[in-house]
Amino acid sequence: MNLTRFFAAALAGTALTAGVQADENLLGSVKGAEVLPKGAYDLYTAIKWRAGKGTGDYDAIDIKTELEYGFSDRFQGGVALFGRSVSNEGLIVDGYLPLEGNFGPKLAAIELTGKYNFLSPAKDDFGLSMYSSLNYDWMDAHSGQDKDTLSLEFELIGQKYFLEGQMIWMGNISVEGTYADRAPIDNLPDDFDWPTDPEMELEVTLGTGLSYRFAPNWYLGAEIEYQTEFETEVGQERWSVFGGPSIHYGGAKWWATATWLPQLSGGGETYDGQPDGLHLIEKTKNEFILKVGLNF
Amino acid sequence: MNQFNRNFVFLAALPTLAISQSVYAKDYLSVADARKILFPAAQTFLDHKLTITKDQKKAIKDLSGVRQRWDDQLVWRAEADGRFLGWLVVDEVVGKHEFITYAVGITPDGRVIGVEILSYRETHGYQIMEADWRNQFKGKTIDGAFKLDEDISNISGATLSCRNVTDGVKRVLALHQLVLMDG
């Protein structure tokens, strides 16, 4: 079955049952500290559209669908599947983007997640949770080529309610270690660098955001996220700052969040002739995120 | 943009479709219902709507530790055969997604007769409307602790709602002491 149609049908089905919400995502990237209560389910789909590298015509879509379950009132676990499509025309970057063309859509990754809540933002005044994920991915998110990665992430999540809960602050700090192994590509030019020796990557992300309920069920939010990655061969490979607005709808049965995250600043590795002030090899100029979740 | 990415437009349209399908609200009790439950012997309910001054708001915050959000407060004086039975206060607090509307019956000397939830529209925590949870407020005065998992039990998945209703009842008792006590 075509992956796109599968996800579209799944999303339409969940939305039209007018069903579901609890580990509700108020923002596009920055997470909140709350967890599902024991016995509750949450199913959501997140679509991330990454567009623009300053040269040529590049865009990619990542679709994540995750089922989460509250094992206790403090711990929830989840399992997620990722689909991905990468389209690249007019940009070849030595070591990073070896080919032009359309790659995917295909199933790209599977992930296990867990979140443990230490402090409740509503009961303890300040919410604190630890989030962890184990991800196995077999499609390079940047080039669309075959690349096996195994990633383990640990993230501390803080959350604070203001105005009796009408305004919510969230802050995240995460560290992710990744083992990566690229598959060889036939017929590359002799002088093209496409390392196939396994490498290690360490990614650090700091994010913070605010969400304000401006009318019943409706929230406006803003977030900013700094991310940097260190890699075996080049040291600090990249850093970037993304920031932008979100609009969120949350009801008793379901929720949705739409987010625009332009890259505000970046640096690290560059390709010849790229615009200054951004990191455009592994990141894009813009990210658009749409999430729809159902709560059971 | 390739074929796959064009489907993004279709996917983006789904939330709007879903919103049109599922916006709803559920009200469980009317104010008239709450009057009968909290003051079954009452024959008359005299409208005693209050407009809270800035100074009164500050005093309520100081006494209860909770912000008085509203300028206007719906209050009725319950009487039977000219005898003063108590006050009925209808209030709203922030829920996770929508306001929770509830009514508090208070004796003339400032004890909670009962709490009734009029409107609750959240995903979890419908136990908040059950008598076991609401009965925890019966007999409480402004001197109560009003702390979740101390004198008021929490409901998992609805902690914000529980906290705000608990804080709200304490604030209503402060309103009673500062504004209504003299009748």
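Residues numbered from 1 in each chain as written. Chains lettered and ligands numbered in written order. Predicted model: local features only at pLDDT ≥ 70, side-chain atom pairs only at ≥ 80, totals over all residues.

1. Points about the environment of A:Leu67
All names here are of chain A.
Then step 1. Within the secondary structure, Leu67 sits in strand β2 (residues 57-70).
Then step 2. Owing to 14 C-beta atoms within 10 Å, Leu67 belongs among the partly exposed residues under this scheme.
Then step 3. Separated by 14 residues in the primary sequence, Leu67 and Leu81 have C-alpha atoms spaced 9.2 Å apart.
Then step 4. Non-local contacts of Leu67, meaning those with residues more than four positions away in its chain, are made with Tyr41, Leu43, Gly78 and Val79. (Helix = DSSP H or I, 4+ residues; strand = E, 2+ residues; numbered from the N terminus. Buried ≥ 20, exposed ≤ 12 C-beta atoms within 10 Å, placed from the backbone. Contact = placed C-beta atoms within 7 Å.)

2. Let's talk about the pairing of strand β4 (residues 83-94) of chain B
Residues and elements named next belong to chain B.
Then step 1. Sheet topology note: the strand β3 (residues 72-80)/β4 ladder contains seven bridges and is antiparallel. Looking across to β4, one finds that Leu74 is bridged to Val90.
Then step 2. Linking two consecutive strands that pair antiparallel, namely β3 and β4, is a turn of two residues; a positive phi of about 55° is found at Asp81 within it.
Then step 3. Strand direction decides the pairing type here: β4 and strand β5 (residues 99-106), joined by eight bridges, are antiparallel. Looking across to β5, one finds that Asp91 is bridged to Tyr102.
Then step 4. Where β4 folds back on β5, the antiparallel hairpin that results is connected by four residues. (Pairing = 2+ DSSP bridges.)

3. Comments concerning the confidence of the model for chain A
Then step 1. Chain-level pLDDT for chain A is 91 on average; 93% of the residues reach the 70-or-more range.
Then step 2. This stretch, residues 9-22 of chain A, has a pLDDT under 50; its non-local contacts, to residues over four places away or in other chains, come to 52 contacts. (pLDDT = per-residue confidence, 0-100.)

4. Examining the environment of A:Lys283
Residues and elements named next belong to chain A.
Then step 1. Mapped onto the fold, Lys283 is located in the loop between β11 (254-268) and β12 (286-295).
Then step 2. In this structure the C-alpha to C-alpha distance between Lys283 and Met139, which are 144 residues apart in sequence, comes to 16 Å.
Then step 3. Among all residues touching Lys283, those that are not within four sequence positions of it are Arg238, Ser240, Gln263 and Gly266.

5. As for the sheet that holds strand β10 (residues 235-250) of chain A
Then step 1. Read once around its circumference, the closed barrel built from twelve strands follows the order β1-β2-β3-β4-β5-β6-β7-β8-β9-β10-β11-β12 (chain A), with strand pairing classed as antiparallel. Averaged over all pairs of adjacent strands, the angle between strand axes in this sheet comes to 20°, irrespective of strand direction. (Axes fitted to C-alpha atoms, helices over the stretch in contact; angles between N-to-C directions.)

6. Brief notes about the pairing of β3(B)
All names here are of chain B.
Then step 1. Direction of pairing for strand β1 (residues 44-47) relative to β3: antiparallel, over a ladder of four bridges. Across the sheet, the residue bridging to Asp47 is Trp76, located in β3.
Then step 2. Alignment of strand β2 (residues 50-51) against β3, held across two bridges, turns out to be antiparallel. Note on β3: the bridge partner recorded for Thr51 is Asp72.

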